[in-house]
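Here is how the chains run, residue by residue.
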Amino acid sequence: PTGRPTGCRLVRSPRVSAGTPTALAVGLEESTLARVRAELEPGGFTVVAIPEPDGSVLGTCHVALLAEPTAGGEAPSWRDQLSALHSTRPELAAVLLTPDPRSLWVTGALRNRRLSHAVHTEFRAGELIAACLAADELGILRYEVTEQRRLSQQRLEVMATLGEVT
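Remember, it's a predicted structure, so these values are computed and weren't measured experimentally.

(A) Molecular detail of the overall build of the protein. When helices and strands are counted, the protein shows five helices and five strands. Helices (α) and strands (β) of the protein occur, in sequence order from the N terminus, as β-α-β-α-β-α-β-α-β-α. Looking at the 166 residues of the protein, the share that counts as buried comes to 37%. Considering only contacts within the protein whose residues lie at least 6 apart along the sequence, 67% involve residues at least 24 apart. When the accessible surface of the protein is totalled, it reaches about 9900 Å², and 55% of it is carbon and sulfur.

(B) Up close: the packing of aromatic side chains. Summed over the entire model, instances satisfying the criterion amount to zero aromatic pairs. The residue whose ring lies beneath arginine 35 is phenylalanine 123, and the NZ or CZ to ring-centre distance is 4.3 Å. The positively charged end of arginine 79 is found above the aromatic ring belonging to tryptophan 105, 4.1 Å away from the centroid.

Thresholds applied
Residues numbered from 1 in each chain as written. Predicted model: local features only at pLDDT ≥ 70, side-chain atom pairs only at ≥ 80, totals over all residues. Heavy atoms only, no water. Helix = DSSP H or I, 4+ residues; strand = E, 2+ residues; numbered from the N terminus. Buried < 20%, exposed > 50% of the residue type's maximum accessible area, 1.4 Å probe, protein only. Contact = heavy atoms within 4.5 Å. Areas by Shrake-Rupley, 256 points an atom, 1.4 Å probe, with all protein chains shown as cover. Phe/Tyr/Trp six-rings, centres within 6.5 Å; stacked < 30°, edge-to-face > 60°. Lys NZ or Arg CZ within 6 Å of the ring centre and 35° of its normal.

By themselves, these figures tell us nothing about what the structure is for.
Here it is as structure tokens:
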């Protein structure tokens, strides 16, 4: 027998079969948003722009795009936006567009795995789509790990209950 044992099933994210991946652009300026759309839409992504994180839209997106606000802007910082995103969907991978991808805050967030990628605001052709595809894959893997942990816990609880009954 080379197949899986009975009772085992593959855990798949509902997003895998959903078709076109969606990038949620949170608080991006119009000029940056236009460049992001020009980069991602030909690559198969749908870009949805919102001013700040919204729970109703977060459930359908695959990747979050954040940008560092301009010096004169009153927008919330990318760290606040990232915190709001992760409080709703902790497995969601985020890509940051920043003028300084090597800053202390950005490298710290990358190291702590709160950000999946940091891309320079003046990104080169193909750089943003590559980061978004990798972030999408990371989000799928995070979802699958969470689901496997949940199933394992559920199995342990069932086995413990069976042990108590017999």
